[in-house]
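Secondary and tertiary structure notes
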Amino acid sequence: MTRHLLDIGRLDQADIATLLGRAAELAAGASCSTRAGIVANLFLEPSTRTRVSFQIAARRLGLDVVNIEQQHSSASKGESLADTARTLAAMGVGAIVLRHPEDFAAAELASALGGADVGIVNAGDGQHAHPSQALLDAATLAHAGFELAGLTLAIVGDIRHSRVARSDIALLSRLGAAEIRIAGPEEFMPDAGELSEAIRMPDIDTALDGVDAVICLRIQRERMAASGYLDGAAFHQRWGLTVERLGAMPGHARFLHPGPVNRGVEIADALVDSPRALILEQVRIGVHLRTALFEWLIDAA
Ligand code: CP
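Let me begin by describing the structure that accompanies this report. Small disclaimer: the values here were computed from a predicted structure and weren't measured.

**Considering helix α11 (residues 279–300)**
- Taking 1.5 Å per residue as the helical rise, α11 with its 22 residues ought to reach 32 Å, and the 31 Å between its terminal C-alpha atoms agrees with that figure.
- In α11, a bend of some 25° at Ile285 exceeds every other bend along the element.

**Considerations on the site of the ligand**
- Neighbouring residues of the ligand: Ser47, Thr48, Arg49, Thr50, Arg99, His130, Gln133, Pro258 and Gly259.
- One of the backbone N or O atoms of Pro258 is found 2.8 Å from a nitrogen atom in the ligand.
- A distance of 3.5 Å separates a nitrogen atom of the ligand from a polar backbone atom of Gly259.
- For the ligand, whose unbound accessible area comes to 260 Å², protein coverage reaches 92%.
- The cavity where the ligand resides is the largest pocket.

**Quick look at the packing of helix α2 (residues 49–60) against α11**
- Where α2 contacts α11, the two axes come as close as 8 Å, and the packing angle between them is 55°. Taken together, α2 and α11 sit at an angle that is classed as oblique. Crossing of α2 over α11 shows right-handed handedness. The residues of α11 that touch α2, namely those facing Arg49, Thr50, Ser53, Phe54, Ile56, Ala57, Ala58 and Arg60, are Val287, His288, Arg290, Thr291, Leu293 and Phe294.
- The residue inventory of the contact of α2 with α11, partitioned by class, reads 7 nonpolar, 4 polar and 3 charged.

**Re the nonpolar core**
- Within the largest apolar cluster, 58 residues are counted, with the highest numbers of intra-cluster contacts made by Leu135, Leu141, Ile155, Leu172 and Phe294.
- When near neighbours in sequence (up to four residues on either side) are disregarded, Leu172 contacts Ala138, Leu141, Leu148, Leu153, Ala177 and Ile180.

**Notes on the side chain of Arg245**
- Among the secondary structure elements, Arg245 is positioned in helix α9 (residues 243–248).
- Within polar-contact distance, the side chain of Arg245 engages the backbone oxygen of Arg238 at 3.5 Å.
- Leaving out residues up to four positions away in the same chain, Arg245 has contacts with Ile204, Asp205, Leu208, His236, Gln237, Arg238, Trp239 and Gly240.

**A short note on the sheet that holds strand β7 (residues 199–200)**
- Strand order in the open sheet formed by 5 strands is β7-β6-β5-β8-β9, with parallel pairing between adjacent strands. Bordering the open sheet on either side are β7 and β9 (254–256), each of which pairs with just one other strand.
- Here 2 bridges tie strand β6 (residues 179–183) to β7, and the two strands are oriented parallel to one another. Counted as the bridge partner of Ile182 is Arg200 from β7.

**A few points about the sheet that holds strand β2 (residues 64–69)**
- Taken together, the 4 strands give an open sheet; going across it, the order is β2-β1-β3-β4, and neighbouring strands pair in parallel fashion. Both outer strands of the open sheet, β2 and β4 (119–125), are each paired with one neighbouring strand and no more. Going from strand to strand, the sheet's axes swing by 15° on average, the running direction of each strand aside.
- Here 6 bridges tie strand β1 (residues 38–43) to β2, and the two strands are oriented parallel to one another.

About the thresholds
- Residues numbered from 1 in each chain as written.
- Predicted model: local features only at pLDDT ≥ 70, side-chain atom pairs only at ≥ 80, totals over all residues.
- Heavy atoms only, no water.
- Helix = DSSP H or I, 4+ residues; strand = E, 2+ residues; numbered from the N terminus.
- Expected span 1.5 Å × (residues − 1).
- Bend = angle between axes of the 7 residues up to and from the residue.
- Near = heavy atom within 4 Å.
- Polar contact = N/O pair within 3.5 Å; in protein donor to acceptor, adjacent residues only side chain to side chain.
- Areas by Shrake-Rupley, 256 points an atom, 1.4 Å probe, with all protein chains shown as cover.
- 1 Å grid on protein atoms, 1.4 Å probe; cavity = no way out; pocket = protein on both sides within 12 Å on 5 of 7 lines; lining within 4 Å.
- Sits in = over half its atoms within 2 Å of the grid points.
- Axes fitted to C-alpha atoms, helices over the stretch in contact; angles between N-to-C directions.
- Parallel < 35°, antiparallel > 145°, perpendicular 65-115°, else oblique.
- Left-handed = near helix turned anticlockwise from the far one by under 90°.
- Contact = heavy atoms within 4.5 Å.
- Nonpolar A, V, L, I, M, F, W, Y, C, P; charged D, E, K, R; others polar.
- Core = buried A, V, L, I, M, F, W, Y, C linked by side-chain atoms within 4.5 Å.
- Buried < 20%, exposed > 50% of the residue type's maximum accessible area, 1.4 Å probe, protein only.
- Pairing = 2+ DSSP bridges.

Shown next, in the form of structure tokens:
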């Protein structure tokens, strides 16, 4: 059976446990045996950490990797996504890691390919989902010593345009988080009724009160036509993680950011490299999580 990773909702609880458990083993130094196959990284939107970590994970397993980017591919000449994928499959590609600007692009591609033996991995589609980021965020929190069941977490910033927030909330609520709070400028909050598993907070200080961890989010200007909130300094003052705000959080609390970080906007410049930051740990664990993901994908085939 061909497996896909399309969004958190389509993973069953056993798959989530397998992926997080294996990522934890790999992060603790477990070795992995090699597999055969070709993976295509099809990135139709910019990326540093997701694209490179999928590439490193694939190479670690002995897989061949091809990297395809929008400007160097025939997508720029009008080829449909499904035809690009069929072309790759005809060359023996067994898995496509897709980043795409449109919501649901990964699921639509998986269904357009029907019974073709190609696993689709959603590496971020529009503002819909970024499931491997959510899995690596959960793995990072667990590796840092947090019990995910019972966790109190805040997500602050541009929630509305964030596929990371949607996937994190979907995953961490399934894993038993006690409370997930969201806060941000009114224009960056989701529509009423969306993300109902999360509690809306009126300001960042209330959101951070007593939390175990906070995930700070970038203003995703690429997903909005225009925004009144373009002043980074004003955003930082009202919604940023400052030295004072971190100081008011519990001593054990940590902060995360999916990256890329705009220093001095979402997080004070001086804090980004602090020992309470898990930002580079997310990147490190991300390689292990994506290695586990390829094993899961290939071993089912
Ligand atoms: N977190 C994340 O998706 O980062 P990139 O856009 O650099 O891949």
